[in-house]
Each structure stands twice: as C-alpha cells, then as structure tokens.
Amino acid sequence: MNPLYRLYTHKLRRQLAGLPQPQHVAIVMDGNRRWARQAGLDDVRLGHRFGAHHLEQFLAWSARAGVRCVTAWVASADNIKRRDPAEVDYLMQLAETVLAKHVRRDHRWRLHVAGQLDLLPDSTARALKEAVEATRDRHDAGDLTIAIGYSGRLEVVDAVRGVLDEAAASGRELSEVAAELTEEDISRHLYVPGLPDPDLVIRTSGELRMSDFLLWQATRSDIEFCDLNWPAFREIDLLRALRTYGQRVLERSS
Ligand code: IPE
Ligand code: MG
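Remember, predicted model here, so these are calculated numbers, not experimental data.

S.K.: Before we move on, can you summarise the sheet that holds strand β3 (residues 109–114) with the specific residues and values?
M.R.: In a beta sheet, neighbouring strands are held together by backbone hydrogen bonds and run either parallel or antiparallel to one another. Read from one edge to the other, the open sheet built from six strands follows the order β3-β4-β2-β1-β5-β6, with strand pairing classed as parallel. Pairing within the sheet leaves two strands with one partner each, and these edge strands are β3 and β6 (222–225). Ignoring which end each strand starts from, the neighbouring axes of this sheet average 20 degrees apart. Direction of pairing for strand β2 (residues 69–76) relative to strand β4 (residues 142–150): parallel, over a ladder of seven bridges. Across the sheet, residue W73 finds its bridge partner in β4, namely A147. Across the sheet, helix α10 (residues 235–253) is in contact with β1 (24–28), β5 (200–203) and β6; its angle to β6 comes to roughly 145 degrees.

S.K.: I'd like a rundown of the confidence of the model for the protein, residues and numbers included.
M.R.: Mean pLDDT over the protein works out to 98, with 100% of the residues at or above the 70 mark. Element-level pLDDT for the protein is lowest in helix α1 (residues 3–17), with a mean of 96, against a maximum mean of 99 in β5.

S.K.: For the nonpolar core, give the residues involved together with the corresponding values.
M.R.: Of all hydrophobic cores here, the largest spans 52 residues; its most connected members are L55, F58, I148 and L242. At ten residues, helix α5 (residues 85–105) tops the list of elements feeding residues into this core.

S.K.: So, the site of ligand 1: which residues are in play, and what are the values?
M.R.: Taken together, M29, D30, G31, N32, R33, R34, H48, V74, N79, R83 and L91 form the complete shell of residues around ligand 1. The contact in question runs from an oxygen atom of ligand 1 to an N or O atom on the backbone of G31, over 3.3 Å. R33 places a side-chain nitrogen or oxygen 2.9 Å from an oxygen atom of ligand 1. When ligand 1 is considered free in solution it has 380 Å² of accessible area, and contact with the protein chains removes 89% of it. Among the residues forming the shell around ligand 1, the class breakdown is three nonpolar, four polar and four charged.

S.K.: Would you mind going over helix α6 (residues 122–135) in detail, with residue names and values included?
M.R.: Taking 1.5 Å per residue as the helical rise, α6 with its 14 residues ought to reach 20 Å, and the 20 Å between its terminal C-alpha atoms agrees with that figure. Those residues of α6 that sit buried are T124, A125, A127, L128, A131, V132 and T135. One face of α6 carries all of its buried residues, which in axial projection span an arc of 165 degrees. Set apart from the buried face of α6 by more than 90 degrees, the exposed residues are D122 and K129. Check the buried side of α6 and you find it contacts α5, β3 and β4.

S.K.: Explain the pattern of salt bridges to me, using residue names and the numbers behind them.
M.R.: Under the criterion given, the structure shown has 22 salt bridges. The partner of E235 in a salt bridge is R13, and the shortest N-O contact between them spans 2.9 Å. Residue E235 is located in helix α10, and its partner R13 is located in helix α1; the two are separated by 222 residues in the primary sequence. We note a salt bridge from R209 to E207, for which the minimum N-O separation is 3.0 Å. Within this structure, D30, R34, R203, E207 and R209 form a network of salt bridges that share partners.

S.K.: Could you give an account of the pairing of β6, with specific residues and numbers?
M.R.: A one-sided burial pattern is seen for β6, the buried positions being D222 and E224 and the unburied ones I223 and F225. Sheet topology note: the β5/β6 ladder contains four bridges and is parallel. Among the inter-strand pairings, R203 is bridged to a residue of β6, identified as F225.

S.K.: Lay out α1 with the relevant residues and their values.
M.R.: Residue pairs three or four apart in sequence face the same way in an α-helix, which turns once every 3.6 residues. Here α1 is 15 residues long and its end C-alpha atoms lie 21 Å apart, about the 21 Å a rise of 1.5 Å per residue gives. Where α1 is concerned, the buried positions are T9, L12 and L16. Projected down its long axis, α1 shows its buried positions confined to an angular sector of 65 degrees, all on one face. With respect to the buried face of α1, the exposed residues turned more than 90 degrees away are P3, L4, L7, R14 and A17. As for α1, its buried residues are in contact with α10.

The rules behind the values
Residue positions are given per chain, counted from 1 along the sequence in the order it is written. All chains are assigned letters beginning at A, and all ligands numbers beginning at 1, according to the order in which they are written. Reporting of local features is limited, given that this is a predicted model, to residues whose pLDDT is at least 70; pairs of side-chain atoms are given and counted only at 80 or more, and all residues count toward the totals for whole chains, interfaces and linings. Excluding hydrogens and water, the side-chain values take into account all heavy atoms of the structure. For two strands to be treated as a pair, DSSP must find no fewer than two bridges joining them. Only DSSP runs of H or I covering at least 4 residues are called helices, and only runs of E covering at least 2 are called strands; the numbering of each starts at the N terminus. Angles here are taken between N-to-C directions and fall from 0 to 180 degrees, while the axes themselves are lines fitted to C-alpha atoms, restricted in helices to the stretch in contact. Contact criterion: two residues are considered in contact whenever any of their non-hydrogen atoms come within 4.5 Å of each other. Each residue carries a pLDDT value, the predictor's own confidence for that position, ranging from 0 to 100. We call a set of buried residues a nonpolar core when its members are Ala, Val, Leu, Ile, Met, Phe, Trp, Tyr or Cys and they connect through side-chain atoms within 4.5 Å of each other. Throughout this description, buried means an accessible area under 20% of the type-specific maximum (1.4 Å probe, protein chains only), exposed means over 50%, and partly exposed covers the range between. We define proximity as follows: a residue is near a molecule or strand when any one of its heavy atoms falls within 4 Å of that partner. For this analysis, a polar contact is any N or O atom pair within 3.5 Å, provided that within protein one partner can donate a hydrogen and the other can accept it, and provided that sequence-adjacent residues contribute only side-chain to side-chain pairs. Here, Shrake-Rupley sampling with a 1.4 Å probe gives the accessible areas, and only protein chains in the shown set may cover a residue. Polarity classes work like this: nonpolar for Ala, Val, Leu, Ile, Met, Phe, Trp, Tyr, Cys and Pro, charged for Asp, Glu, Lys and Arg, and polar for all others, with Gly in that last group. Residue count minus one, scaled by 1.5 Å, sets the expected span of a helix. The arc in question is formed by the directions pointing from the helix axis toward the C-beta atoms. Every case where a carboxyl oxygen of Asp or Glu lies within 4 Å of a side-chain nitrogen of Lys or Arg is listed as a salt bridge.

Printed below as a string of structure tokens:
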C-alpha cells in the first residue's frame, strides 16, 4: 500500500474513534460495467467479477471499522428480468462461486438473503440458501444481507401478502386486520426481519437515486453518494463516508 494512503487511512480511523458510528451500512454497488469499459476491458462482465471480489474487501473494511450489519445490493429484480441473459448468468455464477463461498469461509458474517429467490436459477438460489444455513449459528458474527432479485416495492407487497396469509390462517376478519395493521406487522414480514434499519446507505458511480432499494427500511437513513465506480471504491472512501455520517449525527444532536 502506498505510504501516504496508509497514513491517511490511519488518520481517518483516528478521527472516527470519537464519532457516532452506523450500526448498519447498506451499499449500492453500481458502476461495474463503466469501470470495465474505462479499464479498457473488452468483456464488461469482468467488471462484475472485480465487483464481486471487491465486496469481499468491503466486508473486511466494514468489519474492521466496527460495522455490525451490512446489506449489499448484488442485483435488482429488474436487472435479472431485463439484462442480457448471458450477463445475468455470469452474475448468478459469481453469486454462487464468489459470494456464497466467501461467506461460508469468512466467519465474521452470518448471511441473509433478501429478494425474490424464484427469479434466480435453481443452483444460485440453492447455493445462497445453503450458505444461509451454514452461517446461521454464528451468533457472534455480524449480519450480512445479500439483496439479489431484490425490489423494495415488491418486498413491501410480499410483506403485506405475508400479513394477509397469516391473518387468513388464523381465521381473522379482513376488516379487523385492516383496522389493527401496524408498521411492526409489515416489518415482521420483510425478507430479513429483525435487522436494525440501515443508518447509512452508500451508492457508488455518481448516480443520485435510490432505485427501489430498501424502500421500507431506508426512510430515515443518511445517504452518501460517491462518484467512483464500485470496483474503484477504496477503504478511505468507506472511512470518509463513516466520518461524514458521524459528523452529521453529531450536528443533528447538538
Ligand atoms: C452494478 O454495476 C452491478 C449490477 C447492477 C448488477 P452495473 O452493471 O450497473 O454497471 P454500470 O452501472 O452499467 O456501469
Ligand atoms: Mg448500474
């Protein structure tokens, strides 16, 4: 590592020590194909390969910075439905061979999956479910949620469906369910219930949109937009985002 970079990383870590920290960071890993094109790669799918390995590094930085909970958006429901099937296949392969494998080896994380798993190839859904099972008993680990085949609106629709199914199974009247419905009822039926809401959402690649990510959970989150494409996002960019978050929280509370 470049000595100046190392020095700056230490300085940022020191600054963070006195600041409020997010418990849960969500990351929109955008810009893989633009990164590949800028790097002169002929096959833009290689951007996804670098991007998947980059998430492993991001997880290590997050763990080191004390972040207990990470949600990473690997692919939206729309990505899976609309992109070239060869690109989608490649992404799904990476989810199986890089992400699912990595989490099984990296004992710092317990895996959760958020999204419509029936949109995924069977082998991908299976590999992810097996990784969730394999990491389930890591009680001291942090919580990593992979959002794949994910849409925030569909998550809310699925949660409402869950509320109604539960009510139907217990024979309750619809009018009673409607009258008594609470935020907690919806929250309990999200894809990964029980997690704290994200305190901070980071989106890379300069896009200034939320794009249907964590619609329900991120209503009160701080958002940090970063111009770098995902594979170019560095540890110092994470630490800076954490510093900005900590400073904002302090300002709000003063
Ligand atoms: C993010 O990179 C990964 C996915 C959405 C699957 P993109 O594939 O969106 O890359 P850009 O934004 O086109 O550069
Ligand atoms: Mg994109």
